[in-house]
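# Architecture and fold: a report
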Amino acid sequence: MKNWDSLDEHGVCTADKDCEDAYRVCQILDIPFHQVSYVKEYWNDVFSDFLNEYEKGRTPNPDIVCNKHIKFSCFFNYAVDNLGADAVATGHYARTSLEDEEVFQQKHIKRPEGLFRNRFEIRNGWFLYTLGQRAKIGGLREPWYVVEKDGARGDVLVAPRTDHPALYRDLLRTGRVHWVAEEPPAALVHDKMMECHFRFRHQMALVPCVLTLNQDGTVWVTAVKAVRALALGQFAVFYKGGECLGSGKILRLGPSAYTLQKGGSAPSMAVEGSGSGRGDSPGRGTTL
């Protein structure tokens, strides 16, 4: 499966070598080798979304979007409809309550594609920074980290120390959740709340939380303890008893621990530009 046109790249692309490796494996196993291109689909459904998310100041996860639109939709349908395959085996795995046959038989329902795209002036590359990232500011004795972004002004807010309270939050809201087995789980429908665990980065430790179901299929996620560097655009993935329940894109964040400590007011700005402020107040860095 080819998802990117290497002719558009100026750097190193291993797509051709990967293809050759797969071909040699097929020769050794004496099985047919098929190649299919989804360059156009990847650009329209994955990469364009990736760019739009960056423009909105979010931290996108193109792998999850690629799985949804390309691997488990285009590729799966090609294997079943054109090759007569019964199932598709990939390197992806998650423990679910579904039988293997049920997982393989899941179909992706296409939704109408939006034609509108937001445009605005991009200043100083503020959208390239993600929450929790170390900000490279010269002349400072200690590292500072990105704690907030102001898309309207194109500002990046930074704070000293990797454990600054402005980096920690215990509340988020997702978009409509994609549930694997039940939609949504019966316990969540009945009680409108459910205890489980979640993570938003690959292989990070699971975080105990409480889900609150909204009428539109979105959920509020309240973590038992504040977690570091939550970012808009990432995916919260939910687990219970080792089973992967589903996931939803993070679209809203609650106040940081720093804001709550200050009584709910907005963080003060201690530094203008890339100067070296002192104290624990987040600083505004418009020239990062």
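As a reminder, the structure under discussion sits directly above these lines.
Residues numbered from 1 in each chain as written. Predicted model: local features only at pLDDT ≥ 70, side-chain atom pairs only at ≥ 80, totals over all residues. Heavy atoms only, no water.

### Considering unusual backbone geometry
How we decide: Only runs of H or I of at least four residues qualify as helices and only runs of E of at least two qualify as strands under DSSP, and these elements are numbered from the N terminus.
Across the junction of Glu183 and Pro184, the peptide omega takes the value -15 degrees, indicating a cis bond. Its place among the elements puts Pro184 in the loop between strand 5 (178-179) and helix 5 (186-191).

### Brief notes about a nonpolar patch on the surface
The following threshold applies: Residues with no salt bridge and a relative accessible area higher than 30% make up the patches, which join like charges within 9 Å and nonpolar side chains (Val, Leu, Ile, Met, Phe, Trp, Tyr) within 5 Å. Throughout, the Shrake-Rupley method with a 1.4 Å probe supplies accessible areas, and for residues the shown protein chains are the sole cover considered. Within this document, salt bridges are pairs made up of a side-chain nitrogen of Lys or Arg and a carboxyl oxygen of Asp or Glu, the two lying within 4 Å of each other. Exposure categories follow from relative accessible area, calculated using a 1.4 Å probe and restricted to protein chains: below 20% of the type maximum is buried, above 50% is exposed, and the middle band is partly exposed.
A cluster of nonpolar side chains, namely Val25, Ile28, Leu29 and Ile31, defines an oily patch on the protein surface of about 410 Å² accessible area. Mapped onto the fold, Ile31 is located in the loop between helix 1 (15-29) and helix 2 (39-55). Since its relative accessible area comes to 43%, Ile31 is described here as partly exposed.

### What to know about the nonpolar core
Note the threshold: Remark: nonpolar core denotes a set of buried residues (Ala, Val, Leu, Ile, Met, Phe, Trp, Tyr, Cys) joined through side-chain atoms within 4.5 Å. The contact definition used throughout considers only heavy atoms, calling two residues in contact when any of these lie within 4.5 Å.
The biggest cluster of nonpolar side chains holds 22 residues, and the ones touching the most others in it are Trp179, Phe198, Leu211, Val219, Val221 and Phe238. Those elements giving two or more residues to this core turn out to be strand 6 (193-199), strand 7 (207-213), strand 8 (219-228), strand 9 (235-240) and strand 10 (243-253). Here Val219 is in contact with Leu172, Arg173, Thr174, Gly175, Val177, Trp179, Leu188, Thr212, Leu213, Asn214 and Phe238, once residues within four sequence places are set aside.

### Side note on helix 1
Each α-helix turn comprises 3.6 residues. Residues three or four places apart therefore point the same way. Where we set the bar: Take the number of residues in a helix, subtract one, and multiply by 1.5 Å to get its expected span.
Helix length check: helix 1 (15 residues) gives 21 Å between terminal C-alpha atoms against 21 Å at 1.5 Å per residue, within 8%. Downstream of helix 1 by one or two residues, Asp30 has phi in the positive range, about 60 degrees.

### Re the pattern of salt bridges
Pairing between side chains of opposite charge can happen when the charged atoms of each approach one another. Applying the stated criterion across every chain yields a total of six salt bridges. Across the salt bridge formed by Arg24 and Asp21, the nearest N and O atoms sit 2.4 Å from each other. Here Arg24 and its partner Asp21 are both found in helix 1, three residues apart, which amounts to about one turn of the helix. Owing to a relative accessible area of 25%, Asp21 belongs among the partly exposed residues under this scheme. The closest approach of N and O atoms between Arg161 and Asp163, which form a salt bridge, is 3.0 Å. Taking the relative accessible area as the measure of exposure, Arg161 reaches 29% and is therefore partly exposed.

### Focus on the environment of Val156
Within the secondary structure, Val156 is located in strand 3 (residues 155-160). For the pair Val156 and Tyr129, spaced 27 residues apart in the sequence, the C-alpha separation amounts to 7.8 Å.

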